[in-house]
Amino acid sequence: MRRPIHPEAVTDEPQAIRWVIDTAGLAVGEVTRAGGTLGPLMEYGVITRMFVERGSVWTWLAPEYSWTDHGPRVRDAVVAAIDADGWDITEGSDDLLHLIADDVVRGQLSSYISSHGGAISVVSTTDAAVVLDFGGACTDCPAAGSTLHDRVETAIAERYPGLGEVSRAAPADSPTSRPRSTLLRLIPRR
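For the structure given in this document, a descriptive report is provided here. (Residues numbered from 1 in each chain as written. Predicted model: local features only at pLDDT ≥ 70, side-chain atom pairs only at ≥ 80, totals over all residues. Heavy atoms only, no water.)

## Focus on the overall build of the chain
And step 1. Summing up its helical and strand segments, the chain has 5 helices and 9 strands in all.
And step 2. Each helix and strand of the chain, placed in order from N terminus to C terminus, yields the pattern β-β-β-α-β-β-α-β-α-α-β-β-α-β.
And step 3. Relative to all contacts within the chain whose residues are 6 or more apart in sequence, the contacts with residues 24 or more apart total 64%.
And step 4. Summing over all exposed atoms, the chain offers an accessible surface of approximately 9,800 Å²; the carbon and sulfur share of this is 51%. (Helix = DSSP H or I, 4+ residues; strand = E, 2+ residues; numbered from the N terminus. Contact = heavy atoms within 4.5 Å. Areas by Shrake-Rupley, 256 points an atom, 1.4 Å probe, with all protein chains shown as cover.)

## Focus on the pattern of salt bridges
And step 1. Throughout the structure, instances matching the rule amount to 13 salt bridges.
And step 2. Here D88 and R33 are joined by a salt bridge, their closest N and O atoms 3.0 Å apart. Of this pair, D88 sits in strand β6 (residues 88-91) while R33 sits in strand β3 (residues 29-33), and the two are 55 residues apart along the sequence.
And step 3. Judged by its relative accessible area of 34%, D88 falls in the partly exposed class.
And step 4. Each of the salt bridges in this network shares a partner with another, and the network as a whole consists of E8, R18, E53, D103 and R159. (Salt bridge = Lys/Arg side-chain N within 4 Å of Asp/Glu carboxyl O. Buried < 20%, exposed > 50% of the residue type's maximum accessible area, 1.4 Å probe, protein only.)

## Let's talk about the sheet that holds strand β8 (residues 129-136)
And step 1. What the 3 strands build is an open sheet, ordered β7-β8-β9; its pairing is mixed. Every other strand in the sheet has two partners, leaving β7 (118-126) and β9 (165-168) as the edge strands with one partner each. The sheet shows a mean angle of 25° between the axes of neighbouring strands, taken without regard to direction.
And step 2. Sheet topology note: the β8/β9 ladder contains 4 bridges and is parallel. Within β9, the residue paired with A129 across the bridge is E165.
And step 3. Of the strands in this sheet, β7 and β8 are in contact with helix α3 (residues 94-108), which crosses β7 at around 175°. (Pairing = 2+ DSSP bridges. Axes fitted to C-alpha atoms, helices over the stretch in contact; angles between N-to-C directions.)

## Structural notes on the sheet that holds strand β2 (residues 13-20)
And step 1. If you trace the 6 strands from one edge of the open sheet to the other, you get β1-β2-β5-β4-β3-β6, paired in antiparallel fashion. What marks the edges here is a single partner per strand, and that holds for β1 (6-10) and β6. When the angles between neighbouring strand axes are averaged without regard to direction, this sheet yields 30°.
And step 2. Two elements, β1 and β2, share 5 bridges in a ladder whose sense is antiparallel. Across the sheet, residue E8 finds its bridge partner in β2, namely R18.
And step 3. Seen against the sheet, helix α2 (residues 67-81) touches β2, β4 (47-53) and β5 (56-61) and runs at an angle of roughly 30° to β2.

Here's what the structure looks like:
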């Protein structure tokens, strides 16, 4: 059975594509080995990094390759590999959790957030926990807790079942505020 699939660009990551496809049966985490014809694309360095989440596979091409030239080949390999044996996936990943959380606030829920005059960004992801910064109208909004748990946390948990907690960073002027971490751009491993 051929599964439907479609590519989505990854914000600020031109070498990455998020392939939206039914991933039922696969663990959520970082792929160390893939099944079918996808495996050799990793082995030979065409694909430098890969993650599986509920409902999609994230892939990074090596810098010397283009999606124009290799996109159809990778797409077909992803479709064929979903039902193939040979997958090794390290469950859970701070990097994957960060990607999903960022995609939720900057993509999936961005229209909702901006329609209320708000801005939400990912401060950090560690040990299945996400810390978010609420800015704009979200800063003092009485419904921020509802947005955090009913919208953002629910959306992340649907894609990352190992999610433990989503919390809000203390405001910068709060006496309990902590230093904000600098977000590092994910760079594909070689």
